[in-house]
Each structure stands twice: as structure tokens, then as C-alpha cells.
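Architecture at a glance
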Amino acid sequence: MLEMTREEFEELVAEALDRIPPELTRLMDNVAVFVEDEPPAGDPGLLGLYEGTPLTDRGEWYAGVLPDRITIYRGPTLRMCDTREDVVAETEVTVVHEIAHHFGIDDERLHALGYG
């Protein structure tokens, strides 16, 4: 398994977030991004997870709720990548994939766009 500290991995996630175009990040609302070492036990290969209410599903009722949560998992990413460059690329794809869920884009469409 490729070695990378949590701090290094968090920096890669931050850099991936910085590469999201500002016109999109301005539209993101009530969402927080986290890094965890491992995904839930039932899904050990999970690279990222979006939990919340997509922007497309929010209505007048949406107020006073906790932020949506995007979690990027370090362990599975490092286990599937051979080089640091692979980690950078995979982290960027995962971050974009989970942000797309925040915008209401489903897995089928993301796979068609190459972000599966």
C-alpha cells in the first residue's frame, strides 16, 4: 500500500476542492467536506460518500438543517493507487463525484461523464 500521512492526503483533498471552478463553489450551499481514514465496515472499497439533501431536492421546507456531509476516505484510495500521481488523480475524481451528488447528479450520469 502506498504510504501518505493523513495531513498529506487532506492537502490533496483541499487542492482538489480548490480546482473546482469558483462559479460552482459559489453555488454550493450548506455542505462540509471531511477526510476519514476508513469507510464504514460494510463498504471497505468506498472512496467517498455524500450524505444530505441535494440542491435539486431542496424546497421551502429546507431550513435549519445540519450541513450536507462529503467524506473522502484515505485508506481505500491509497490501497488502489500505485503512485502519488494516481492518488492525486483519484482524489480529484472522487471529490468531483461527491460534489456532483450535492448538485443532484446521480451515479449513472457521473459514470457516463467519466467520474464513476
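The residue numbering used here restarts from 1 in each chain and proceeds along that chain's sequence as written. Only residues with pLDDT of at least 70 are given local features in this predicted model, and only at 80 or more are side-chain atom pairs given and counted; all residues enter the totals for whole chains, interfaces and linings. Hydrogens and water are ignored here; the side-chain numbers use all heavy atoms of the structure.

In the annotation of an unreviewed UniProt entry, the entry for the protein reads Metallopeptidase family protein, and the organism field reads Streptomyces kronopolitis.

A look at the sheet that holds strand E1 (residues 31–36)
Each pair of strands is called paired provided DSSP finds at least two bridges between the two strands. Per the convention used, a helix needs a DSSP run of H or I reaching at least four residues, while a strand needs a run of E reaching at least two, with both numbered from the N terminus. A sheet is described by the order of its strands in space; here three strands give the open sequence E1-E3-E2, paired in mixed fashion. Across the chains shown, the open sheet's two edge strands, defined by having one partner strand only, are E1 and strand E2 (48–51). Strand-to-strand, the axes of this sheet are offset by a mean angle of 15°, without reference to chain direction. One ladder, built from six bridges, connects E1 with strand E3 (residues 68–73); its direction is parallel. Axis definition: a line fitted to C-alpha atoms, over the contacting stretch in the case of helices. Angles run 0 to 180 degrees between N-to-C directions.

Describing the environment of glutamate 85
Looking at the secondary structure, you find glutamate 85 in helix H4 (residues 84–102). The spacing of glutamate 85 and glycine 75 is ten residues in sequence and 16 Å in space, taken between C-alpha atoms.

Considering helix H1 (residues 6–18)
In a helix, the anticipated span is given by 1.5 Å times the number of residues less one. With 13 residues, H1 extends 18 Å from end C-alpha to end C-alpha; this agrees with the ideal 18 Å at 1.5 Å per step. Burial in H1 covers these residues: Phe9, Leu12, Val13 and Ala16. All buried residues of H1 fall inside an arc of 100° around its axis, so they share one side. Turned more than 90 degrees away from the buried face of H1 sit Glu7 and Asp18, all of them exposed. Where H1 is buried, its residues contact E1, E3, helix H3 (74–80) and H4. Buried means the residue's accessible area, taken with a 1.4 Å probe over protein chains only, is under 20% of the maximum for its type, while exposed means over 50%, and partly exposed covers the values in between. What the arc measures is the spread of directions leading from the helix axis to the C-beta atoms. Contact between two residues is taken to exist if any of their heavy atoms lie within 4.5 Å; hydrogens are not considered.

Notes on the side chain of aspartate 68
Turning to its location among the elements, aspartate 68 is positioned in strand E3. Polar contacts, as counted here, are pairs of nitrogen or oxygen atoms within 3.5 Å of one another; within protein the pair requires one atom able to donate a hydrogen and one able to accept it, and residues that are adjacent in sequence qualify only if both atoms are side-chain atoms. Here histidine 102 takes part through its side chain, which lies 3.2 Å from a polar atom of the side chain of aspartate 68. Apart from the residues within four sequence positions on either side, aspartate 68 is in contact with Asn30, Val31, Ala32, Tyr50, Glu51, Gly52, Thr53, Arg58, Tyr62 and His102.

Quick word on H4
With 19 residues, H4 should reach 27 Å at 1.5 Å per residue; the first-to-last C-alpha distance of 27 Å fits that figure. For H4, every residue scored as buried is listed here: Val87, Glu90, Thr91, Thr94, Val95, His97, Glu98, Ile99, Ala100, His101 and His102. Residues of H4 that are buried in the fold lie against H1, E1, E2, E3, H3 and helix H5 (107–112).

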